[in-house]
Amino acid sequence: MNTILVTRNDLLLLLGFTIAVLAMPIWLQPFGAAYPDLMQRFAIYGIFAIGFNILFGLTGYLSFGHAAFFGVGSYAAVWSFKLLTMDAIPALVFAVLISGLFALLIGYVSLKRSGIYFSILTLAFAQMSYNLAYSVLTPITNGETGLQLTLADPRHLDQALGISSRSPALLGQPLLGYAGFYFCAGLLIVAFFIAQRITGSPFGMMLRAIKSNQTRMHYTGFNTRPYTLAAFVISGMYAGLAGALLAITDPLAGAERMQWAASGEVVLMTILGGVGTLVGPVIGAWIIKYFENIFSAFNEGILHRTFDFLPDGLEDAVVLVTSKFVGEGWHLTLGLVFVLIVVFLPGGIMEGVRRLVHWARRPAEPGRASPRPQPAE
Amino acid sequence: MPDNVVLHVSDVHKNFAGLHALSDIDLQVAEGQTHAIIGPNGAGKSTLLNVIVGRLAPSRGAVVFDGTVLTGRKPYEINQIGIARVFQTPEIFPDLTVLHNVMIPALSRRDGAFRLNMMRTLDSETAIRQEAEDVLADVGLYERRLAHAGALSRGDKRRMELAMCLIQKPRLLLLDEPTAGMSRHDTNTTIELLKKIKSRGMTKVIIEHDMHVVFSLADRISVLAGGRIIAEGMPDEVRGDPRVREAYLGGAH
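What you are looking at is a predicted structure, and each value in this text was computed from that prediction instead of being measured. (Residues numbered from 1 in each chain as written. Chains lettered and ligands numbered in written order. Predicted model: local features only at pLDDT ≥ 70, side-chain atom pairs only at ≥ 80, totals over all residues. Heavy atoms only, no water.)

**A few points about the nonpolar core**
Operational definition: Grouping buried Ala, Val, Leu, Ile, Met, Phe, Trp, Tyr and Cys residues that are joined through side-chain atoms within 4.5 Å yields what is termed a nonpolar core. Any residue under 20% of the maximum accessible area for its type is buried, any over 50% is exposed, and the rest in between are partly exposed; the area is computed with a 1.4 Å probe on protein chains only. In this description a helix means any DSSP run of H or I spanning at least four residues, a strand means any run of E spanning at least two, and both kinds are numbered starting from the N terminus. For every domain, the bounds stem from an assignment made automatically or drawn from a database. Any two residues whose heavy atoms approach within 4.5 Å are treated as being in contact.
With 152 residues, the main nonpolar core has Ile47(A), Leu245(A), Ile104(B), Met160(B) and Leu173(B) as its most contacted residues. No other element matches helix 12 (residues 224-249) of chain A, which puts 16 residues into this core. Counting contributing residues per domain, this core is built from domain 1 (1-82 + 171-253) and domain 2 (93-169) of chain B, each supplying no fewer than three. Those residues in contact with Leu173(B) that sit more than four places away from it in its chain are Ala84(B), Val86(B), Leu162(B), Cys165(B), Leu166(B), Met202(B), Thr203(B), Lys204(B) and Val205(B). Val6(B), Val9(B), Ala43(B) and Leu224(B) belong to the second largest nonpolar core, which has 27 residues in total.

Rendered as structure tokens:
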């Protein structure tokens, strides 16, 4: 069989992505974000966004409930830690399977509708999941407090093997600090590779065709429901994997991970970076997590030092204004950035990148219309 | 009555909230023939086509294709049986390239209604690609194969949609005004193309306003007016039928 595994362009993109991810500790240094905890989050939410884009970017179905699968992944991982072992592999496998099943169930019902009705159905299911986790299913989720590890956990597998580790590990190696980051980074690269394969496969083309014209798909002999359901389940499994990784970095699962705000966040990440592109959602995830963790930590002291060079009265005024946009106000800045991008670059940051490349390549033709947004391949 | 009937529409009625869009439709199409359905605007031509492809369920009656009852089946099942359709307003994938637009129906024919085909890349589908390029060359769109389909002219979109149907090698091809909005030159090119398909033995049902197209292509003509078939026969018979002249041809031609 003359199956080409990866095309040359795909390979270059994968290579570039791998280098960028693994070199994060270096290039994030000037941004003040090069510490393992945060980079780990970058990797985790990158996985979440890549998976979300397989559904939203390729098929065009906008889910407002993907945080439910993220949360289910976290709970499943913590239960694996409690019942089986502190090793990460069973936790990940368990989380991906459970969130996949959960996605199958919710997707089966939600995909009976499309457009706004589909979005509302997913939102409703996610809120139901949140409420179940928060109160009804307290024996499984430990409700408001969140599911935690305790000394009384049986950990049958660890006990049988005589291991008494207290923190998540990979084959005996504790996943703390940089080990944890590189573990998540490795999985991000694998997740990217799989998404790339899906996008470039005949299956991926069918998903894009569904987004482009579902009616034509029907009259071309395709049963589109299994296609959209497969995309939904795959993206749910990505979310579950991300949720499990978050539980590995911090073995605790709370219901707030399933809230609508968390579902909305991954939508923002994808749109900010570029819907339907491979790299865009990851960049969107990084920007949002950067704002959330770094921008929110700026306080007036830092601002005063930054604007020290200004005359006193002016300095106070500038600090007064800018302080509204940092610290607690980081949402305000993020909102502004989001509005600017959606208004001026509807294809997200990746469209900006494409325009720049286009502009750099054709400097001799001023006033040319910018290229229409196209999915990166 | 011809004995090699492949499409049989029997006693079909369609009511929309009391309006009789189709009444008592009986239509038989013989294998390999081109059957034209003509009639004034609002005669029910498109409704009839929609009933055949499963977009609309008839209020009464049945559509049978080569021994298989189509009534009650979904559009994708009807396509998998071997029936393809060209729409009045082209239904294409505007965001994909022309080549991909044509490869998709070829993959439908090869892989069926659903296949989780993730282990290959599109680039390794060389046979499908070759086939798509051949069909595009047939309709004169090979040069445009890498363009985005949404950027094509209306006439090119129609030809591409025709290519999308032809690559499936359907046993029955339904054409809803395939030359509407085309220039005289493009119309003639399309007629030549459809004649070429005819020599391959594909059965066709064609709805058309343009009498030039109808009389160039049709083996048999049914005239629809007010949701009923008022006349049926060979082109010359229909042309001479006084009822047809009154209902349709008289004013227009």
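**Points about the UniProt feature "transmembrane region" (unreviewed entry) in chain A**
Residue and element names in this part refer to chain A. Filter applied, for reference: UniProt positions are given in the numbering used here, feature names are shortened, and annotations may be inferred rather than shown by experiment.
In the numbering used here, UniProt assigns the feature "transmembrane region" (unreviewed entry) to residues 12-35, 42-61, 91-110, 175-195, 227-248, 260-288 and 330-353. With 79% helix and 0% strand, the stretch residues 260-288 has end C-alpha atoms that lie 16 Å from each other. Helix makes up 88% of residues 330-353 and strand 0%, whereas the separation of the span's terminal C-alpha atoms amounts to 25 Å.

**Examining the domain arrangement of chain B**
Accessible area lost when the parts come together is the quantity often used to give the size of an interface. All names here are of chain B. The condition that has to hold: Buried area is understood as the total, over both parts, of accessible area removed when two parts are fitted together, assessed with a 1.4 Å probe. Salt bridges are defined by distance alone: a side-chain nitrogen of Lys or Arg within 4 Å of a carboxyl oxygen of Asp or Glu.
If you check the domain split of chain B, you get domain 1 (1-82 + 171-253) and domain 2 (93-169). Placing a centre on the C-alpha atoms of domain 1 and another on those of domain 2 gives a separation of 26 Å. A combined buried area of about 1200 Å² lies between domain 1 and domain 2, and 58% of that area is made up of carbon and sulfur atoms. Three residues, Gln80, Met182 and Leu193, lead the burial of domain 1 against domain 2; their summed loss comes to 32% of the area buried on that side. The interface formed by domain 1 and domain 2 includes zero salt bridges. Mapped onto the side of domain 1 that touches domain 2, the elements with two or more residues apiece are helix 2 (75-81), strand 7 (172-176) and helix 6 (184-198). The dominant element in the side of domain 1 that touches domain 2, judged by the number of residues it contributes, is helix 6, at four residues.

**A few points about the confidence of the model for chain A**
When pLDDT is low, close inspection of the predicted coordinates is not appropriate. As a reminder of what qualifies: Per-residue confidence from the prediction method is given by pLDDT, with values spanning 0 to 100.
The predicted model of chain A averages 88 in pLDDT, with 94% of residues at 70 or higher. Contacts of residues 366-377 of chain A to residues separated by more than four positions or lying in other chains number 16 contacts, the stretch itself having pLDDT below 50.

**Concerning the packing of aromatic side chains**
Counted only if it meets this: Classification of ring pairs rests on two measures: the distance between centres of Phe, Tyr or Trp rings, Trp counted by its six-membered ring, which must be within 6.5 Å, and the angle between planes, read as stacked under 30 degrees, edge-to-face over 60 and tilted in between. In this scheme, Lys NZ or Arg CZ marks a charge over a ring once it lies within 6 Å of the ring centre and within 35 degrees of the ring normal.
Under the defined criterion, the tally for this structure stands at 19 aromatic pairs over all chains. Three or more aromatic residues joined by ring pairs form one cluster here, namely Tyr61(A), Phe69(A), Phe102(A), Phe118(A) and Phe232(A). Taking NZ or CZ as reference, Lys82(A) lies 5.7 Å from the ring centre of Trp79(A), over its face. Across the ring face of Phe215(B), the terminal group of Arg239(B) is positioned such that the distance to the ring centre comes to 4.0 Å.

**A look at the sheet that holds strand 1 (residues 5-16) of chain B**
Put simply, the rule reads: One bridge is not enough; two strands pair if DSSP finds at least two bridges between them.
Pairing is antiparallel in the open sheet, where four strands are placed in the order 2-1-4-5 (chain B). Edge positions in the open sheet fall to strand 2 (19-30) and strand 5 (68-69) of chain B, since each of these has one partner strand only.

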